[in-house]
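# Observations on the model geometry
Below, each chain spelled out in residue letters.
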Amino acid sequence: MITARAAATFEPVGRSVATARAFVRDTLQGWGLGDIVDDAVVLTSELVTNAVVHAGTAAEVVCLRDGDGVRVEVVDRYPERELPLQDPGAVLGSPDREGGRGLLLCAALAARWGVDYTAADKRVWFRLDLPERSVGTRAAGPALPDAALPVTETHLHVGVVQVDRGGSITAWNEGAQQLFGYPAEQVLGKPLTDIAAWPHTPGTSMGIAEALQLSRWEGSYGLRGADGRTIPVYASHLRVRDSDGEPSTVCLLVNDHERAVLQTPLRTPAPDSASRQDSGDGSADPFEIFIGSPAPDDLDGLLQRTVERARDILDGDAAYLLLATDDETELEVRASTGLPSARQRFARVPVETGSGRYGSARMPSVHEDLTVVPGAVPLLAGTGMRAVVTVPLKVEGRLTGSLGVASESPGSYTNEEALRLQFAADRIALAVERARLTELERLRRGSLSFLVEASDLLAGTLDRDQTLALMAQMTVPTLATWCAVYTVAEPGSDPKLSYVLHEDEDRIDNIKALLAKVDPPDPVPTPGARVWAAPSDAAHSAALRTSLRSVALGEEEEHHYPPGPTRVTAAAVGGETVVLPLVARNRVIGMLTLGKPADERFRQEILELAEDLSRRAALALDNARLYSERTAISQSLQRSLLPPELPEVGGGVEVEVIYRAAGEGNEVGGDFYDLFDISDGTYGFAIGDVCGTGPEAAAVTGLARHALRLLAREGLGGPAVLDRLNTAILDEGARSRFLTLLYGELRPQEDGSAELKVVCAGHPLPLRLRQDGHVEPAADPQPLLGVMDDLELYEQTVVLDPGDVLLCVTDGVTERREGTRMLGDDGLADVLSGCTGLTAGAVAARIMRAVERFASDAPSDDMAIVAMRVPE
């Protein structure tokens, strides 16, 4: 049974793919189906691309929800276009190829999929089933006698406090007021830490502010009441997000001795002789209780819970947990407590490190005193830890991680503690591996969606500068804290710093200045990310020189200055920096540089995602380069087909020309104009339009303009000039194009008028504007050039009196359209009739303004306007 339906239609344009993805994502998230959103978005993207890009029709996307899952249908109007199905016996092609990729994804991700044809449309659909969720009681305890029940106050109060992302209180209920004595108006807007009585939560050494940032947290801490007394409370925190995407933390608080109201019940494992450790007095071993506790739903929560409990049970000062990378050659710090989290987070160490019996992460080990074996545990260097016990996490014999507990006191741990920690690691390893694989799958799907979005953005522009900006904006802050893009113009040339971006815009200039002083990385085509230490070394050296200079001047002793720009820059770029080559068409065209702040490193999956992005970005950047070169060539050729400047016409005759090329400059137009000296007191003018665009039209345009000048200066009259030009065009054979041309000779007269002799060969007729506003054609139509061998052309004489205007245009002006309406010759004449008394420049400008306002769309054809006016 269909319980919900949503549909939308998308136009057959490239941007509709991204819009369709957003529609499906918003719909499924609104239905609360976040588990299948990523798969649905990827499949929708491929199927809508097939419809609007390949089939070239509008696409309708329909989302249907029932009790077991979701069905998404993509409908296009091109049923004749069959799907690119493969022979079942054939080997599947590369998933990188375009044809049939959407169907391969359907087969891989969807529970079911299919195609339905009708006479009018084709419907491709897929179905995604909802994952199974366990139902029933989460936790239950046995029935107890009344005397064994927890003791509470007569009236139990549960405080509900909500804290925003900055740690300030935004909600304070009546229960909180009863517990602590503060009315709501007294605490709203204040940081929760202002009323904290204990700086750290007992047994965890974690500050309250840090606990508020975790997705889930339970524990005890103290809050100061209105009477000044410290009130121990038990708290349960849940991190939530409102409809605007703003995170906050909801805190449930009770008196500490009433913790049973909120505390998650512990699951004690079933006793068995193989796994149970007897403590002598019959009580359960604390580590068994720790392993049996309910695991958080997310990987980070599970790992954080693990290190906190491990440290508490062994009475340590710090604990950390490392997970193996995908290739299992390195271990990566994923959770720690009691250590500088910013410094240790995602640090990596080789699987085999050190020497002797401490040299392998695959075996339990105990370091009684780290000062005896310097560097044995690099992660603990400089932390003050003296003793450490580490054990491996193994699943089916494979090393999947390592768990360690450290103490500031030497000799704190023995083999007995190592066995207990190993027992815990064996119990938790499978749950951790399961959560790790789930996270990897989620990251893989998220990476696929990210790359799809990135490909759309990069494919949507051919502008080089915009492509560089998109490359940086897609990596910061998603993949890195800062980014720099170097470009290589020609093989063998030095890389040039072209774009810099940091998640804090105030630091961009300082980073750019730092990188300008550092030799750029070598443009090596080797794929993959390689570490580049130069920026970090340069930043730290500059910061050290600044500090030494400050100490020498005594500034540090007398003043308390904030960190200067040099130190801030050192902190911003002081972490790991990697370089990825941008390779397109077997040539390095640049480098993508990604950086982290001080003491941070990149995770392996982030580097792999960045490598995939760099390949797509390199191709987009090279396409933008080729497009820019082609545009520059076209524009240069177009300029060569037009006169560089117009001569001054004698007798004061005003001449104004406006030329507008249509499109984005990537095609050479066929419209041209010219005005040149023939002899003393005589000037030739021409305005023409060659059929078509591109190189063939450009060849005829160049031939016409230069032939006109040459023949006219040989003393030939207008008909003879056009007759020989017609012969030259026909001699071009298959490359010839027909040409409409208005050619004339202008000769100013002593009485203030101007005599024109014109030939109009298939061109829009010139219009004459008299002083009284009357508009009339100034020539008769005659055959165009480039079609027939024998032309019978004749010359017509027109005399322009003082104040008269002669207007010549190409058909881009008269054929300006808005729907079914066209400006036409009559519309042009109406506009010209209102131009009496205006200069030639004002007449041309008014005509162009009228043409642009006639339709809302940009002009689709080139336009040339030549206006000549005899002064009064």
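Residues numbered from 1 in each chain as written. Predicted model: local features only at pLDDT ≥ 70, side-chain atom pairs only at ≥ 80, totals over all residues. Heavy atoms only, no water.

## Points about the overall build of the chain
When its secondary structure is counted, the chain shows 21 helices and 33 strands. The burial tally for the chain puts 46% of its 872 residues in the buried class. Contacts spanning at least 24 positions in sequence make up 62% of the contacts within the chain whose residues lie at least 6 apart. Surface exposure of the chain reaches about 42900 Å², of which carbon and sulfur atoms provide 50%. (Helix = DSSP H or I, 4+ residues; strand = E, 2+ residues; numbered from the N terminus. Buried < 20%, exposed > 50% of the residue type's maximum accessible area, 1.4 Å probe, protein only. Contact = heavy atoms within 4.5 Å. Areas by Shrake-Rupley, 256 points an atom, 1.4 Å probe, with all protein chains shown as cover.)

## A look at the sheet that holds strand β9 (residues 230-241)
Strand pairing within a sheet occurs via backbone hydrogen bonds; the two strands may be parallel or antiparallel. In spatial order, the strands read β7-β6-β10-β9-β8; together these five strands make up an open sheet with antiparallel pairing. Taken across any chain shown, the strands that pair with only one partner, and hence form the sheet edges, are β7 (169-172) and β8 (216-224). For this sheet, the mean angle separating the axes of adjacent strands, direction not counted, is 30 degrees. Relative to strand β10 (residues 247-255), β9 runs antiparallel, the two being bridged by nine bridges. Of the residues in β10, the one forming a bridge with His 237 is Cys 251. (Pairing = 2+ DSSP bridges. Axes fitted to C-alpha atoms, helices over the stretch in contact; angles between N-to-C directions.)

## Brief notes about the environment of Ile 658
Position of Ile 658 relative to the elements: it lies in strand β22 (residues 654-660). Separated by 209 residues in sequence, Ile 658 and Ala 867 place their C-alpha atoms 8.8 Å apart. If we ignore the near neighbours within four places in the chain, the residues touching Ile 658 are Ala 844, Ala 845, Met 848, Met 863, Ala 864 and Ile 865.

## As for a negative patch on the surface
Where like charges cluster on the molecular surface, the negative patch consists of Asp 723, Asp 789, Asp 790 and Glu 792. Its place among the elements puts Asp 790 in the loop between β28 (775-777) and β29 (796-800). (Patch = residues over 30% accessible without salt bridge, like charges linked within 9 Å, V, L, I, M, F, W, Y side chains within 5 Å. Salt bridge = Lys/Arg side-chain N within 4 Å of Asp/Glu carboxyl O. Lys, Arg positive; Asp, Glu negative; His and termini not counted. Charge placed at Lys NZ, Arg CZ, Asp CG, Glu CD.)

## Concerning the confidence of the model for the chain
Residues at a pLDDT of 70 or more form 83% of the chain, whose mean pLDDT is 79. Element-level mean pLDDT values for the chain span from 42 in helix α7 (residues 286-292) up to 95 in strand β30 (residues 805-809). Counting contacts from residues 84-99, a segment whose pLDDT is below 50, to residues more than four positions away or on other chains yields 12 contacts. (pLDDT = per-residue confidence, 0-100.)

## Some details on the nonpolar core
With 52 residues, the main nonpolar core has Leu 722, Leu 725, Leu 739, Leu 741, Tyr 743, Leu 756 and Leu 785 as its most contacted residues. Looking at this core element by element, the count peaks at seven residues for helix α17 (residues 695-713). Ignoring any residue separated from it by four or fewer positions in sequence, one finds Leu 756 in contact with Phe 685, Glu 745, Leu 746, Gln 796, Thr 797, Val 798, Leu 800, Leu 806 and Met 868. Membership of the second largest hydrophobic core comes to 50 residues, among which are Ala 572, Phe 602, Leu 609 and Ala 617. (Core = buried A, V, L, I, M, F, W, Y, C linked by side-chain atoms within 4.5 Å.)

## Observations concerning the environment of Val 851
Here Val 851 lies in helix α21 (residues 840-854). We classify Val 851 as buried; its relative accessible area is 1%. For the pair Val 851 and Val 813, spaced 38 residues apart in sequence, the C-alpha separation works out to 6.5 Å. Filtering out sequence-adjacent residues up to four positions away, Val 851 remains in contact with Val 813, Arg 816, Leu 823 and Met 863.

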